[in-house]
Amino acid sequence: MESVSVGGVRIAYERCGAGRPVVLVGGTGMPPVAWELCGLRGALADAGFEVVTYAARGVAPSDAPPAPYTVEALAADLAGLLDALQLTAVTVIGYSLGSFTTELLARTRPDLVRAAVLLAGAGPLTAVLDAFLQTGTELASATGHVPRAFTKLQTLLTSLPPEVLRDDEEQVRTWLELLDAQESVWSSPEGATGQWAASGRWVRDGHRMSALVDIHQPVLVAAFEHDLYFPVRSGKATVEALPRGEFVAISGGAHAGLLTHPKETTEALLGFLART
């Protein structure tokens, strides 16, 4: 991967395809290769877009400055990357934590954002997400970090639909193996702690929902049917606050629907891109 320095932080990125630019912004601990594994990067390039993927601060091979991080810092990193690549009027697709980054970038740097997709990351703080964040924060305060066993269990329980967790032992064990391997995605332990802190501060910000009125670009809010963090009702509440928002519910998936339901997700995103 190539890299640029943004405020002293090295951000690694890749480009593929040719055409209107689209940047993909990953979730917590999400390496750029995940966009290939779910097929979205290739589908966008095949549809005639230039696709930019990158590793957010904390994720290898980008730098991991000292924690904690903020969504403001993550958005500034992305803005600096797009400025360095001389890209404007970009369609930005953000997943989970990447959705937070996308939302803030669209509001604060409208010159960079032509349209935005908030995938599995839009809406008010839910009681379930609040409980997970509170538990993680208390564990971090007691031990100095968020225990790996906690994040592994949390991710498993929220990533897969309930019927898979209940009935598909093979798929559950496969996911547990994948989650064991995820530790290698971080540039250092600072990355995991930093991104966790950024998510917690963002979702607890009492002003972010009212600030949606300041986003004037077309925005697609996409929610997965079984997402415990950002359920369908949260997505609909976001669209009601956006001047130019539209909503799509993707059937069958939980929070990791990007990986478990890639065909349905890709179809929804390509449809939005065709309209904008």
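Further up the page is the structure itself.
From a predicted model like this one, the values you see are computed outputs, not experimental measurements.

**Brief notes about unusual backbone geometry**
The step from Ala 60 to Pro 61 runs through a cis peptide bond, and the omega angle for that step is 5°. Relative to the elements of secondary structure, Pro 61 occurs in the loop between β4 (49–54) and α3 (71–84). At the junction of Ala 67 and Pro 68, the peptide bond is cis and its omega measures out at 5° in the coordinates. With respect to the helices, strands and loops of the structure, Pro 68 is situated in the loop between β4 and α3.

**Digging into the pairing of strand β3 (residues 20–25)**
Judged by how many residues are buried, β3 sits mostly within the fold: 5 of 6 residues are covered. Here β3 runs beside strand β5 (residues 90–95); their pairing, made up of 4 bridges, is parallel. In the sheet register, Val 22 faces β5, and the bridge partner there is Thr 91.

**Some thoughts on α3**
Counted at 1.5 Å a residue, the expected span for α3 with its 14 residues is 20 Å, and the 20 Å between its end C-alpha atoms agrees. Within α3, 10 of the 14 residues are buried, which leaves it mostly tucked inside the rest of the structure. Of the positions making up α3, those classed as buried are Val 71, Ala 73, Leu 74, Ala 75, Asp 77, Leu 78, Ala 79, Gly 80, Leu 81 and Leu 82. Gln 86 sits one or two positions beyond α3 and adopts a positive phi of about 55°.

**Points about the packing of aromatic side chains**
What describes a pair of aromatic rings is the distance from one ring centre to the other and the angle between the planes of the rings. For the structure shown, the criterion picks out 4 aromatic pairs. Each ring, one from Phe 100 and one from Trp 202, has its centre 6.0 Å from the other, and the planes form 25°; the classification is stacked. Remark: Trp 202 occurs in helix α9 (residues 189–203) and Phe 100 occurs in helix α4 (residues 97–108); sequence separation between them is 102 residues. Classification of Phe 100 as buried rests on a relative accessible area of 3%. Ring geometry for Phe 150 against Trp 196: centres 6.0 Å apart, planes inclined by 70°, an arrangement best described as edge-to-face. Here Phe 150 is found in helix α6 (residues 148–159), whereas its partner Trp 196 is found in helix α9, with 46 residues between them in sequence. Summarising the burial analysis for this pair, Phe 150 and Trp 196 share the class buried. One aromatic cluster in this structure is built from Phe 100, Trp 202 and Phe 230. Across from the ring centre of Tyr 69, 5.4 Å away, lies the NZ or CZ of Arg 57, which sits over that ring.

**Quick word on the pairing of β5**
Buried residues dominate β5, accounting for 6 of its 6 residues. Here β5 shows no split at all, with Val 90, Val 92 and Gly 94 on one side and Thr 91, Ile 93 and Tyr 95 on the other all buried. Of the crossover connections in this fold, the one passing from β5 over α4 to the parallel strand β6 (residues 113–119) is right-handed.

**Quick notes on the pattern of salt bridges**
Scanning the model with the defined rule gives 13 salt bridges in all. Measuring nitrogen to oxygen at the nearest pair gives 2.9 Å for the salt bridge that ties Arg 109 to Asp 111. For Asp 111, a relative accessible area of 42% gives the class partly exposed. Close ionic contact of Arg 173 with Glu 169 constitutes a salt bridge, the shortest N to O distance being 3.2 Å. On the criterion of helical spacing, the pair formed by Arg 173 and Glu 169 is a turn pair, its members being 4 residues apart in helix α8 (residues 169–181). Residue Arg 173 is classed as exposed on the basis of its relative accessible area of 51%.

**Section: the environment of Arg 244**
Within the secondary structure, Arg 244 sits in the loop between α10 (232–241) and β8 (245–250). The spacing of Arg 244 and Val 172 is 72 residues in sequence and 39 Å in space, taken between C-alpha atoms. Here Arg 244 is in contact with His 216, Gln 217, Pro 218 and Val 219, once residues within four sequence places are set aside.

Cut-offs and rules
- Residues numbered from 1 in each chain as written.
- Predicted model: local features only at pLDDT ≥ 70, side-chain atom pairs only at ≥ 80, totals over all residues.
- Heavy atoms only, no water.
- Helix = DSSP H or I, 4+ residues; strand = E, 2+ residues; numbered from the N terminus.
- Buried < 20%, exposed > 50% of the residue type's maximum accessible area, 1.4 Å probe, protein only.
- Pairing = 2+ DSSP bridges.
- Expected span 1.5 Å × (residues − 1).
- Phe/Tyr/Trp six-rings, centres within 6.5 Å; stacked < 30°, edge-to-face > 60°.
- Lys NZ or Arg CZ within 6 Å of the ring centre and 35° of its normal.
- Right-handed = clockwise from strand over helix to strand, strands pointing away.
- Salt bridge = Lys/Arg side-chain N within 4 Å of Asp/Glu carboxyl O.
- Contact = heavy atoms within 4.5 Å.

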